[in-house]
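Observations on the model geometry
The lines below spell out each chain.
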Amino acid sequence: MIIFCILCLLVVAFLTPIFFVLINSFKGKLFISNNPFALPTAETFVGLTNYVNGIEKTGFFTAFGWSAFITVFSVAAIILFTSMTAYYLTRVKTGVTNVLYYMFVFSMIVPFQMVMFTMSKLANMTHLNNPPGMVLLYLGFGSGLSVFMFCGFIKSIPLDIEEAAMIDGCNPLQTFFGVVMPILKPTAITVAILNAMWIWNDYLLPYLVIGSEYKTISVAIQYLRGGYGSIDLGLMMSMLVLAIIPIVIFYMICQKWIIQGVIAGAVKG
């Protein structure tokens, strides 16, 4: 009962900020500033006005499209290439693969702020300052944790399964995609969830690299700030609600695999 009560308190603590964002998205901007924690009343309630105006001012559907494009293709690239990399690093034991593995692990602890200026300059020089280029950049930034998790799970896969496939005539690629990859499903889904939440909500990297030309949702919402720091909180709250909904739905669909995948990738092997 004590643990249950503590968990209930944590649920309330985590959901309260989202609840206040939701109720304020239906209130006028003046009333949000004066009384942000009050429920909408007949005087403060503006219906869907904030949502309609916010969609028009931010170009929400265009931003949603760019965010979806970058997120979907980045996550797909991360899962495909990091799983293959982890398989090679785990099964081929040489000094070079050991160095590469620890370089991937080391990249997890390097803060983005250390490389953001050189990275943005390099992206401009190599013409990666566009949505397809963002996919390559996210592949690089997301590879450290993903390779680490995949390596941890692949170490637990018995070699006998792969040897049996090779005896049946499978080459290494057929063995990986036909035998190993289906076994990696829990970890792959976990990697997809973690990277999708990060990429969808990321603001700094799209802002630095593609700016306002290909605005993602997070960048589009930021442009609701007016001159001298003025903010239409009603519009911003409504757009935050719309930005949260897709990733919450995705997480709720896939969340049953996340604990299984984290444990498999971090403990086994």
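Here the structure is shown first, and the text comes after it.
Moving on, we get to the overall build of the chain. Each helix and strand counted, the chain has 14 helices and zero strands in total. Starting at the N terminus, the α and β elements of the chain follow one another as α-α-α-α-α-α-α-α-α-α-α-α-α-α. Sequence-distant contacts, at least 24 apart, represent 75% of the contacts inside the chain between residues at least 6 apart. Carbon and sulfur atoms provide 73% of the accessible area of the chain, an area that totals close to 15,300 Å². The average position of the 12 basic charges and that of the 9 acidic charges among the side chains of the chain differ by 7 Å.

Here we come to the packing of aromatic side chains. In this structure the tally under the stated criterion is 16 aromatic pairs. Aromatic side chains Y138 and W198 sit 5.1 Å apart centroid to centroid with 85° between the ring planes, which places their arrangement in the edge-to-face category. Of this pair, Y138 sits in helix α7 (residues 131-154) while W198 sits in helix α10 (residues 185-201), and the two are 60 residues apart along the sequence. Seen from their ring centres, Y203 and Y207 are 5.3 Å apart, and the 20° between their planes marks the pair as stacked. Under the relative-accessibility criterion, Y203 is labelled partly exposed at 27%.

All right, on to the packing of helix α8 (residues 159-167) against helix α9 (residues 172-183) then. For the pair α8 and α9, the least separation of the axes is 10 Å and the interaxial angle reads 155°. Put simply, α8 runs roughly antiparallel to α9. In this structure, α8 meets α9 at a crossing whose hand is right-handed. In this structure, α8 contributes I161, E162, A165 and M166 to the contact, and α9 contributes T175, V179, V180 and I183.

Analysis parameters
- Residues numbered from 1 in each chain as written.
- Predicted model: local features only at pLDDT ≥ 70, side-chain atom pairs only at ≥ 80, totals over all residues.
- Heavy atoms only, no water.
- Helix = DSSP H or I, 4+ residues; strand = E, 2+ residues; numbered from the N terminus.
- Contact = heavy atoms within 4.5 Å.
- Areas by Shrake-Rupley, 256 points an atom, 1.4 Å probe, with all protein chains shown as cover.
- Lys, Arg positive; Asp, Glu negative; His and termini not counted.
- Charge placed at Lys NZ, Arg CZ, Asp CG, Glu CD.
- Phe/Tyr/Trp six-rings, centres within 6.5 Å; stacked < 30°, edge-to-face > 60°.
- Buried < 20%, exposed > 50% of the residue type's maximum accessible area, 1.4 Å probe, protein only.
- Axes fitted to C-alpha atoms, helices over the stretch in contact; angles between N-to-C directions.
- Parallel < 35°, antiparallel > 145°, perpendicular 65-115°, else oblique.
- Left-handed = near helix turned anticlockwise from the far one by under 90°.

Interpretation in functional terms is not warranted from these geometric data alone.
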